[in-house]
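If you want the building blocks of each chain, they are given just below.
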Amino acid sequence: MALADRDPVLRIPFWRNVKTIGILAQIVFVAVIALGVFVLVTNTLNALGRANLPADFSWLGSRAGIPIAETPIPYTPNDPYWRALLIGFLNTLKIAGIGVILASLIGIAVGVMRLASNWLVRSIATVYIELLRNIPLAVQIVFWYTAVLLPIPPRINNPIEIPGGLYLSNVGLAFPFLYPTYRFGAWVPWLVLAVVVAVVGVVWRRRLAQRSERPVRVWPLPLVALAAIAAGGYYVASLDRTLPDGLAVDFTIDRGRGVVYRDLDGNGVRGPRDPLMPFASTIVRIAEAELTASTQNITESGQLVRSTFRFPMILERNVEAAVVDFGDPEEAAERGFAIHFTRFPSRGVVYVDRDGDGEFTPGEESDAETGIGYGGVRLVMTVVGYERHIVADRDGQVRTPAFSPSGTVRSAEVAPALNPFSVFGGAAAAESRDDIVPLEADVELLPAGPLVLSRVHVPVSSYEGGMRLTVNYLALLLALVVYTSAFIGEIVRGGIQAVAKGQREAALALGLSPSQTFSLVVFPQALRIVLPPVISQYLNLTKNSSLAPLAGYGELFVIATIVQNQTGASVPVALLLIASYLLISFVFAFVLNIVNDRLALVER
């Protein structure tokens, strides 16, 4: 009865319940936010509708009409807007991917140099960091583009040749590169098998290490298996030396242009539906032909170059014989002209041998009274037995110099057997003639393996073959790399100094050398401290690539701005930009955070 007579429990009204009030407050807050977004979107759509501007993404399929210099994938101005934006996105990744690698390597090196015992090394690193990270990035981009890469390298018809087949000029850097051929698909299954075997090998080696409780080298054996299977598969895929059915070449020798294609209908004529064959391997042979050039007085690499002539780049190994002479030998003899080669047979200067020593002396390439060079002097190069291996580009295009039939340019007979400018002497030179030699080219298609090495050549006034990086790309890349590496270097220095001094002393006490102490003890521990702030620098580098307009590089922001101006779709384009940069940032953060978790110390 005592329990029955007890007063019932008093319930707190909901308007006085703190928990209930908190939930209601959150619901009201979310509703207000949703209402604000709704009003904002509605007003934006109404404003765009009144201005007759697109508010959706229906314009993505329209013709872009935007010329883009650097295109990682095939693209023409007739392609739609979405493909132009995709090109910009890939160009941004091209900058970010390579930039992150280079900035990391330089930043680590500079950060270690900051702590070197050598005063000079330490001072160089300090000046590098303090100078570069305090100069605005926009200023550095303009400096690299306008003050270094545009005026300093020579012109495209006189590139700097770097060992390894690299060429540098005022249009950019070019180097040999491997490209996939029509046989690449036969190699893909072997690559997949190699990756699967390598993954299984890594898992097996790790489990072996856990069971044996002994240190086991996990990676060497799987990597060897990966390389062996991939190499074996490449050999097997290369055994088939047959060319694809209908493979043909349409080559116009007087224009120096050709295209490799598949003649599907077998009529021997390239039609609109015949597909192009990218990266096909060819050999172009020309029995005898001529090239012409005229001397010029030009400013190059900050200095005046007088009386210089430059033919398209012809290498001595590409011809059986080469003869260079004046277009009008009689006039050249009257004026006392002679030829001096800076690189036979393509480059040189015309001069007057005033001192009579039979050799070129600096100053003889200009008139003694006026100081003006001998411009406009025509020269003719006759080549015999031209042969060059050329890999078609991704559009199936094959380029050579625009040769002329032998005998059409010369105005007087020249005796090649007595010509001192023959690369192989008189015995190898062709007999002089006034009649026109018909210009013919023999283009042979070669079988190829899954990959083909494309080398760089300069047939006219641009790089062909290999991989080409424009001045715009190099300027933006260099500015981003040196700017970001300065910040990474300071982060690395702080991470190394954060490692306890006792760790170094313990390693040295165990008999490790200073280099072993750094690489095995100090740096691995510093890496755990360094990685989180370095991730932020990687993201900054990616987002700073939006300053590409200062270098004229066509990355995502540049192309999106052009698309916005053409279509008027400012809001949709802005949303695409935001989504693209967020996607790149999330991918970087996701991958690097996994690496950071793997490097973190395991604590109890």
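Everything that follows concerns the structure shown earlier in this document.
Structure report, in brief. (Residues numbered from 1 in each chain as written. Predicted model: local features only at pLDDT ≥ 70, side-chain atom pairs only at ≥ 80, totals over all residues. Heavy atoms only, no water.)

### So, the side chain of S545
Its place among the elements puts S545 in the loop between α10 (514-544) and α11 (556-567). Look at S545 and you get buried, because its relative accessible area is 1%. With residues up to four places along the chain from it excluded, the contact list for S545 reads T92, I95, L476, L480 and E555. (Helix = DSSP H or I, 4+ residues; strand = E, 2+ residues; numbered from the N terminus. Buried < 20%, exposed > 50% of the residue type's maximum accessible area, 1.4 Å probe, protein only. Contact = heavy atoms within 4.5 Å.)

### A word on a nonpolar patch on the surface
Together, F29, V30, I33, V37, V41 and L45 line one region of the surface with nonpolar side chains, adding up to about 550 Å² of accessible area. Structurally, the position occupied by V37 is in helix α1 (residues 18-50). The exposure class of V37 is partly exposed, given its relative accessible area of 45%. (Patch = residues over 30% accessible without salt bridge, like charges linked within 9 Å, V, L, I, M, F, W, Y side chains within 5 Å. Areas by Shrake-Rupley, 256 points an atom, 1.4 Å probe, with all protein chains shown as cover. Salt bridge = Lys/Arg side-chain N within 4 Å of Asp/Glu carboxyl O.)

### Topic: the packing of α10 against helix α12 (residues 570-599)
Direction vectors running N to C along α10 and α12 enclose 170°, while the axes themselves pass 10 Å from each other. Between α10 and α12, the angle is such that the two are roughly antiparallel. Contact with α10, carried on its side by L527, R528, L531, P532, I535, Y538, L539 and T542, involves Y581, I584, S585, F588, L592, N593, V595, N596 and L599 of α12 and no other residues of that element. In the contact of α10 with α12, the residues fall into 12 nonpolar, 4 polar and 1 charged. (Axes fitted to C-alpha atoms, helices over the stretch in contact; angles between N-to-C directions. Parallel < 35°, antiparallel > 145°, perpendicular 65-115°, else oblique. Nonpolar A, V, L, I, M, F, W, Y, C, P; charged D, E, K, R; others polar.)

### Quick word on the sheet that holds strand β17 (residues 467-470)
Pairing is antiparallel across the open sheet formed by 4 strands, whose spatial order is β1-β2-β3-β17. The sheet is open, and its two borders are formed by β1 (160-162) and β17, each paired with just one other strand. Ignoring which end each strand starts from, the neighbouring axes of this sheet average 15° apart. As paired strands, β1 and strand β2 (residues 166-169) are joined by 3 bridges and run antiparallel to one another. Considered in β2, the bridge of I162 is made with L166. Contacts between helix α8 (residues 471-498) and the sheet are confined to β2, β3 (172-175) and β17, with β17 contributing the most and set at about 70° to the helix. (Pairing = 2+ DSSP bridges.)

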